[in-house]
Each structure stands twice: as structure tokens, then as C-alpha cells.
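# Coordinate analysis (summary)
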Amino acid sequence: CSLEPTNPNALAGLIECLIDRDDLKEASRLLQRLPAGWHEDPRFAYFQGRLAEDAERWDEATQSYARAADGDPDHREAHYRLGQILLQSGHVSEAERYLERARMLADRESLLGSLVNSENPVHYVPLMARLEAELGHDRVAKAWYGEAVRLDPGNEELRSEANRFSQRARSGSGTEEGSEW
């Protein structure tokens, strides 16, 4: 492949395509030639993990996936693959943490799909709020709680839950602003 994009997004897309096509040699060549500063990008750490995993270099794969998961807490596949390797190497409790995060991220994708396809989203919106809160996405959770209360204004239990979340988020991180519902 004669392509060598100078934009990290384009290069990440190209490397992902190469890995998906099982052209690991070319993907590896591009990863070895990353420009300065791009090594910290979680996508490239994930790709390095994929190549190391394919070559059964388990320590390297573990380290690369850990960098990807730490750099992007929402990278579902990095969490899943790291969890699987840790599980296979006997680090069960650590593996469970990564696998649980991967499961929650997969649940979010599924729930979003259900929400988009639903004619009556009132059931799904509070579930999204709770899941985003569990993922640690307080601002996103707050937005979903606001939407849930808007869709079901007479639901006092939901309104109370939204207020408790808002208070907890404000006291926990100190970054949440805004009024209660």
C-alpha cells in the first residue's frame, strides 16, 4: 500500500481496514512509522494490541490494550480483548472489571438502537440515563434524565431519581451545574 495519510483519523481508518483485511504486515509497517505524538492515541495502541495478540505476544498485547482502554474508557473492543487476555492468564478479578465495562458499552449500543427504533421512547430514555451514569458519563446522564422527565413529567419516582442523580453528581465531581428537575 502506497498510502501514508498525514492525518491521524485517516491513518487510523486505513490501519483498521488493513487489519480487517488481515493485511497485518502492512498495518504493522504503518504503525512502526507513526509520527511523533501519535503513539499516545488510544486507537493506535489498540491496533498495536491487535497485532501483538495475533502474534501471541500476550504481554505486549495486554500493555497495548491497557493503554487503549485507559486512553479511551469507551473503547469497547479494547476493554473486551484486554479482559479476555487477562481472564486466560488467570487474572480473573482484573479481567472482570474490563469485561464488565465492555458489556456496559455494548448494552449502550444496543439500547441506543432500541431507542432510535422505538415509537415510544419513554421506556428507554431512563435506562439510557442510568447506564450513562453507571459508565461515569455524568453530563450525558444528566441530559438523558432531563429528557426522561420531559417525556414523562408526571412520573414522580423518575423525577426523584433524576434529582438524586443531579445532587450526587454535583457533590461527587463538583463539575455538574444546573437546576434540579
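Counting from 1, residues in each chain are numbered in the order their sequence is written. Side-chain atom pairs in this predicted model are given and counted only at pLDDT of 80 or more, local residue features only at pLDDT of at least 70, and totals for whole chains, interfaces and linings cover all residues. With hydrogens and water excluded, all non-hydrogen atoms of the structure serve as input to the side-chain values.

Helix and strand labels come from DSSP, where a helix needs a run of H or I of at least four residues and a strand needs a run of E of at least two; each type is numbered from the N terminus. Broken down by element type, the protein chain carries nine helices and zero strands. Helices and strands in the protein chain line up, N terminus first, as α-α-α-α-α-α-α-α-α. The quantity called the radius of gyration is restricted to C-alpha atoms. Its globule counterpart is 2.2 Å times the number of residues to the power 0.38. Taking 181 residues into account, the globule formula puts the C-alpha radius of gyration at 16 Å, and the protein chain, at 20 Å, lies well above it. Its C-alpha atoms put the protein chain at 60 × 40 × 35 Å along the principal axes. For the exposure calls, accessible area comes from a 1.4 Å probe over protein chains only, and a residue counts as buried if that area is under 20% of its type's maximum, exposed if over 50%, partly exposed in between. Looking at the protein chain as a whole, 38% of its 181 residues qualify as buried. Charged residues are defined here as Lys and Arg on the positive side and Asp and Glu on the negative side; His and the ends of the chain fall outside this count. Note that the charge is assigned to NZ on lysines, CZ on arginines, CG on aspartates and CD on glutamates. Computed over 22 positive and 34 negative side-chain charges, the inter-centroid distance for the protein chain is 3 Å.

Mapped onto the elements of the fold, arginine 101 is located in helix H6 (residues 92-117). Assessed through its relative accessible area of 15%, arginine 101 is described here as buried. Here the side chain of arginine 101 touches leucine 135 through a polar contact of 2.9 Å, landing on its backbone oxygen. Residue contacts are counted whenever heavy atoms from the two residues lie within 4.5 Å of one another. Contacts of arginine 101, omitting those with residues within four sequence positions, involve Pro73, Asp74, His79, Leu135 and His137. Polar contacts here mean pairs of N or O atoms no more than 3.5 Å apart (in protein, one a potential hydrogen donor and the other a potential acceptor; neighbouring residues in sequence count only if both atoms are side-chain atoms).

In this section: the confidence of the model for the protein chain. Across the protein chain, pLDDT averages 90, with 93% of residues at or above 70. The predictor's confidence in any single residue is recorded as pLDDT, a number from 0 to 100. Taken element by element, the protein chain is modelled with least confidence in helix H9 (residues 156-173), mean pLDDT 85, and with most confidence in helix H5 (residues 76-88), mean pLDDT 98. In the predicted structure, residues 174-181 sits below a pLDDT of 50 and forms 23 contacts with residues beyond four places in sequence or in another chain.

Joining through side-chain atoms within 4.5 Å is the link that ties buried Ala, Val, Leu, Ile, Met, Phe, Trp, Tyr and Cys residues into a set, and such a set is a nonpolar core. Formed by 28 residues in total, the largest nonpolar core has its most connected members in Leu11, Ile15, Ile19, Leu31, Phe44 and Phe47. Elements with a minimum of two residues in this core: helix H1 (8-20), helix H2 (24-32), helix H3 (42-54), helix H4 (58-71), H5 and H6. Setting aside chain neighbours within four positions, we find isoleucine 15 in contact with Ala27, Leu30, Leu31, Phe44 and Phe47. If you look at the next biggest cluster of nonpolar residues, it comprises 19 residues, including Val125, Met128, Ala148 and Leu158.

Think of a salt bridge as a Lys or Arg side-chain nitrogen and an Asp or Glu carboxyl oxygen that are within 4 Å of each other. Counted under the stated rule, the structure contains 12 salt bridges. One salt bridge connects arginine 103 with glutamate 100, and the closest N-O pair in it is separated by 2.3 Å. With arginine 103 and glutamate 100 both in helix H6, this residue pair falls three residues apart, about one helical turn. Relative accessible area serves as the criterion here: at 37%, arginine 103 is assigned to the partly exposed category. The salt bridge involving glutamate 132 is made with arginine 108; its shortest N-O contact spans 3.5 Å. Of this pair, glutamate 132 sits in helix H7 (residues 124-134) while arginine 108 sits in helix H6, and the two are 24 residues apart along the sequence.

Attention now goes to the packing of H3 against H4. Axis angles are defined between N-to-C directions and span 0 to 180 degrees, where every axis is a line fitted to C-alpha atoms and, for a helix, only to the segment in contact. The contact between H3 and H4 brings their axes to 7 Å, and the two run at 160°. Of the possible angle classes, the one that applies to H3 and H4 is roughly antiparallel. Helix-helix and strand crossings are classified by hand; for H3 and H4 the assignment is left-handed. Contacts between H3 and H4 pair Pro42, Ala45, Tyr46, Gln48, Gly49, Arg50, Ala52 and Glu53 from the former with Trp58, Glu60, Ala61, Ser64, Tyr65, Arg67, Ala68 and Gly71 from the latter. Geometric relationships in this document are graded by angle, where less than 35 degrees denotes roughly parallel, more than 145 denotes roughly antiparallel, 65 to 115 denotes roughly perpendicular, and other angles denote oblique. In this scheme, a crossing is called left-handed if the near helix is turned counterclockwise away from the far one by less than a right angle; it is called right-handed if the turn is clockwise.

Take the number of residues in a helix, subtract one, and multiply by 1.5 Å to get its expected span. Compared with the 18 Å implied by 1.5 Å per residue over 13 residues, the 18 Å span of H3 between its first and last C-alpha is a close match. Along its buried surface, H3 packs onto H1, H2, H4 and H5. With its phi angle positive at about 60°, glutamate 56 sits one or two positions after the end of H3.

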